[in-house]
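What the coordinates show
What follows is the residue order along each chain.
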There are 2 protein chains.
Amino acid sequence: MALAHTILVLLANTPRSGYDVSKCFDDSVGCFWKASQQQVYRELARMEQQGLVEFEAVPQEGKPDKKIYRVTPVGMQELSAWFTEPTDPAPIREDLLVRVMAGPYGPRELLVQEVHRRRQMHHDQLQRYREKEANYRAIAQPSPPLQFLYLTLRRGIRYETDWIEWCDEVLTILKESADPQEDASTAQSAL
Amino acid sequence: MALAHTILVLLANTPRSGYDVSKCFDDSVGCFWKASQQQVYRELARMEQQGLVEFEAVPQEGKPDKKIYRVTPVGMQELSAWFTEPTDPAPIREDLLVRVMAGPYGPRELLVQEVHRRRQMHHDQLQRYREKEANYRAIAQPSPPLQFLYLTLRRGIRYETDWIEWCDEVLTILKESADPQEDASTAQSAL
DNA sequence: TTGACATACCCAATAAGTTGAGTATAAACT
DNA sequence: AGTTTATACTCAACTTATTGGGTATGTCAA
């Protein structure tokens, strides 16, 4: 249900169109929540039906009307109520770890390659987050919404850093135990 | 699609019943993949139809037949083919971070409480993982499947540790900037 | 003896997420 | 001149996941 609440928070900060909300999922909140444009539009329509948000149609030339959504009092009430409910850790479903577990059933090099590739991806993402962090730190008086968003960015930075470190750990172990059959004692001490 | 492949790897290690596969999702692979019993049964039925696995029905008294699944040659082929495909990082959908972003719209104490609670959960999970790690290290000659599974356990340990550290970071910041209105300069330097 | 827990499976309804296309226009780049 | 990128929203089909029930039986403890 948190998709609706994420959107509520975004709209509570600033009234926006569905398109703009969708962009937030690529930018600011992307480090902890993903949603496709279709999901956003559908959710907004549902939320409007439930009275959590309302929109003002802004006519445009050639394009469909822009719907600027804002949170209603009912929506703010919902946000408050939701604030008191406990949250659960997100279930993890990580393809790469399935691949690692499948290690004995495929060539070692392919696995090493894949971990390398993933390390690079996390490295690149970390760079983007670090830039955003630098931008944030340059703001003299960040607004409360920004201050809290920064905490989520910190989570993103930690997450990527942690992945990189794990990749390095795995690559080291895979290198050390390259041929367990040839030298079983080495392989063993490596683990 | 990785649910099927996770099951394939589990069955490649040891033929098991659906019930036993389901238990693995609570135990060994729980740190990177969750699946309900229903999901497992449905997936196994689908995989059987596709010829990836086959089962031997073991009659039991009073209970339904136990179906012991094993991977077929076609299943092993599928596993090999899948091994060459790249994996994508799992999209993150973290309720707690939505809550943090919603920080300005609820009482500070509630947020602090929630982060505390989550810290405790990650702490407890970490303890469980550390026990499993100790068990693993006590094994003289771990089999290759176990060796690779250990790498995924390392990921779990890192993950939980990382969360705990982030919780501590957030709790520190929330304490420091307890009342930004009263002392804006302190609040600012804290961020 | 009642209730919780473990074994072992199946079914159905709903919710959520993904994929791919379609309707329009305009600016910027190649 | 043609492609990409951006704006702005909609619809339909499909796959996946969740929730909550049901069928059976046996064991263990309060």
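Just so we're clear, the structure is a prediction, and the values are computed from it rather than from any experiment.

Take the domain arrangement of chain A next. Residues and elements named next belong to chain A. If you check the domain split of chain A, you get domain 1 (2–83) and domain 2 (95–180). Averaged C-alpha coordinates put domain 1 and domain 2 at centres separated by 30 Å. Counting residues at the interface gives seven residues for domain 1 and seven residues for domain 2. Buried surface at the junction of domain 1 and domain 2, both sides included, amounts to about 460 Å², of which 65% is carbon and sulfur. Among the residues domain 1 hides against domain 2, the three largest losses belong to Ser28, Cys31 and Phe32. Together they make up 73% of the total. For the pair domain 1 and domain 2, the number of links is zero salt bridges. There are one residue pair in polar contact (both at pLDDT 80 or more) connecting domain 1 and domain 2.

Turning our eyes to something else, we now look at the protein's contact with DNA strand D. Looking at DNA strand D, there are 20 residues lining it, with A:Tyr19, A:Tyr41, A:Lys66, A:Lys67 and B:Met1 nearest. Here, DNA strand D places atoms within 4 Å of the protein, and 62% of those atoms are sugar or phosphate. A distance of 2.5 Å separates a phosphate oxygen of DNA strand D from a polar atom in the side chain of A:Lys67. Contact between DNA strand D and B:Gln39: a phosphate oxygen at 3.2 Å from a side-chain N or O atom of the residue. In terms of residue count, helix α3 (residues 37–49) of chain B provides more of the surface near DNA strand D than any other element does, four residues in total. Grouping the constituent residues of the surface near DNA strand D by class yields four nonpolar, eight polar and eight charged.

Taken together, 19 residues surround DNA strand C, and among them A:Met1, A:Arg42, B:Tyr19, B:Lys66 and B:Lys67 come closest. Taking all atoms of DNA strand C within 4 Å of the protein, the share assigned to sugar and phosphate is 68%. Within the side chain of A:Arg42, an N or O atom sits 3.1 Å from a base nitrogen of DNA strand C. Between DNA strand C and the protein, one listed contact pairs a phosphate oxygen with a side-chain N or O atom of B:Lys67 at 2.5 Å.

Take the interface of chain B and chain A next. Each partner contributes residues to the interface: chain B has 77 residues there, and chain A has 78 residues. Between chain B and chain A, a total of about 7600 Å² is buried, with carbon and sulfur atoms accounting for 64% of that surface. When the buried area of chain B at its contact with chain A is split by residue, B:Phe83, B:Met101 and B:Tyr105 rank highest and sum to 12% of it. For the salt bridge of A:Glu169 with B:Arg154, the shortest nitrogen-to-oxygen distance reads 2.5 Å. Summed over the shared surface of chain B and chain A, the number is 31 residue pairs in polar contact (both at pLDDT 80 or more).

With that settled, consider the sheet that holds strand β3 (residues 66–71) of chain B. All names here are of chain B. Taken together, the three strands give an open sheet; going across it, the order is β1-β3-β2, and neighbouring strands pair in antiparallel fashion. For this open sheet the edge positions go to β1 (16–17) and β2 (53–58), each flanked by a neighbour on one side alone. Two elements, β2 and β3, share six bridges in a ladder whose sense is antiparallel. Across the sheet, residue valine 53 finds its bridge partner in β3, namely valine 71. Set on the sheet, helix α1 (residues 2–13) makes contact with β1, β2 and β3; between it and β3 the angle comes to about 95°.

Looking now at helix α2 (residues 18–26) of chain A. Residue and element names in this part refer to chain A. Buried within α2 are the following residues: Gly18, Val21, Ser22, Cys24 and Phe25. In an axial view of α2, the angular spread of the buried residues amounts to 150°, which keeps them on one side of the axis. Buried residues in α2 make contact with α1 (2–13), β1 (16–17), α3 (37–49) and β3 (66–71).

This part takes up the packing of aromatic side chains. According to the stated counting rule, one finds six aromatic pairs over all chains in the structure shown. The positively charged end of A:Arg99 is found above the aromatic ring belonging to B:Phe83, 5.3 Å away from the centroid. Over the ring of B:Trp163 we find B:Arg118, and its NZ or CZ is 5.1 Å from the ring centre.

Okay, the relation of the copies chain B and chain A next. Mapping chain B onto chain A leaves a residual RMSD of 0.1 Å; the transformation is a rotation of 180° accompanied by 0.0 Å of translation along its axis. When the rotation and shift are considered jointly, the pair of chain copies conforms to a two-fold rotation axis. Taking C-alpha positions as reference, the residue of chain B nearest the rotation axis is B:Asp162, located at 3.5 Å. Comparing interface residues between copies, 100% of those in chain B also lie at the interface in chain A; the contact surface is shared.

Residues and elements named next belong to chain A. Among the secondary structure elements, glutamine 113 is positioned in helix α6 (residues 108–137). Relative accessible area serves as the criterion here: at 52%, glutamine 113 is assigned to the exposed category. Distance in space between the C-alpha atoms of glutamine 113 and leucine 171 is 9.4 Å, their sequence separation being 58 residues.

Rules and cut-offs
Counting restarts for each chain: residues are numbered from 1 in the order of the written sequence. As they are written, the chains are lettered A onward and the ligands numbered 1 onward, keeping that order. Residues qualify for local features only when their pLDDT is at least 70, as the model is predicted, and side-chain atom pairs are given and counted only at 80 or more; totals for whole chains, interfaces and linings, by contrast, use all residues. The side-chain numbers reported here are obtained from all heavy atoms of the structure, hydrogens and water having been left aside. The domain limits used here are those given by an automatic or database domain assignment. The contact criterion used throughout is that any non-hydrogen atoms of two residues lie within 4.5 Å. Two parts placed together each lose some accessible area under a 1.4 Å probe, and the buried area is that loss summed for both. Any Lys or Arg side-chain nitrogen found within 4 Å of a carboxyl oxygen on Asp or Glu counts as a salt bridge. By the criterion applied in these results, polar contacts are pairs of N or O atoms within 3.5 Å in which, for protein atoms, one can donate a hydrogen and the other can accept it, and in which residues neighboring in sequence qualify only through two side-chain atoms. Consider each residue's heavy atoms; a residue with any of them within 4 Å of a molecule or strand counts as near. Helix and strand assignments come from DSSP, with helices taken as H or I runs of at least 4 residues and strands as E runs of at least 2, each series counted from the N terminus. Following the grouping adopted for this structure description, the nonpolar residues are Ala, Val, Leu, Ile, Met, Phe, Trp, Tyr, Cys and Pro, the charged ones are Asp, Glu, Lys and Arg, and the polar ones are all others, Gly among them. For two strands to count as paired, DSSP must find a minimum of two bridges between them. Orientation is described by axes fitted as lines to C-alpha atoms, over the contacting stretch for helices, and by angles from 0 to 180 degrees between their N-to-C directions. Residue exposure (1.4 Å probe, protein chains only): buried if accessible area is under 20% of the type maximum, exposed if over 50%, otherwise partly exposed. Our arc is simply the arc of the directions from the helix axis toward the C-beta atoms. Centre distance within 6.5 Å is the pairing criterion for rings of Phe, Tyr and Trp, where only the six-membered ring of Trp is used; planes under 30 degrees apart are then read as stacked, over 60 as edge-to-face, and the remainder as tilted. Charges are assigned to positions over rings by a cutoff of 6 Å between ring centre and Lys NZ or Arg CZ, combined with an angular limit of 35 degrees from the ring normal. Fitting of the copies onto one another was done by least squares over C-alpha atoms, counting residues only where both copies have pLDDT of at least 70.

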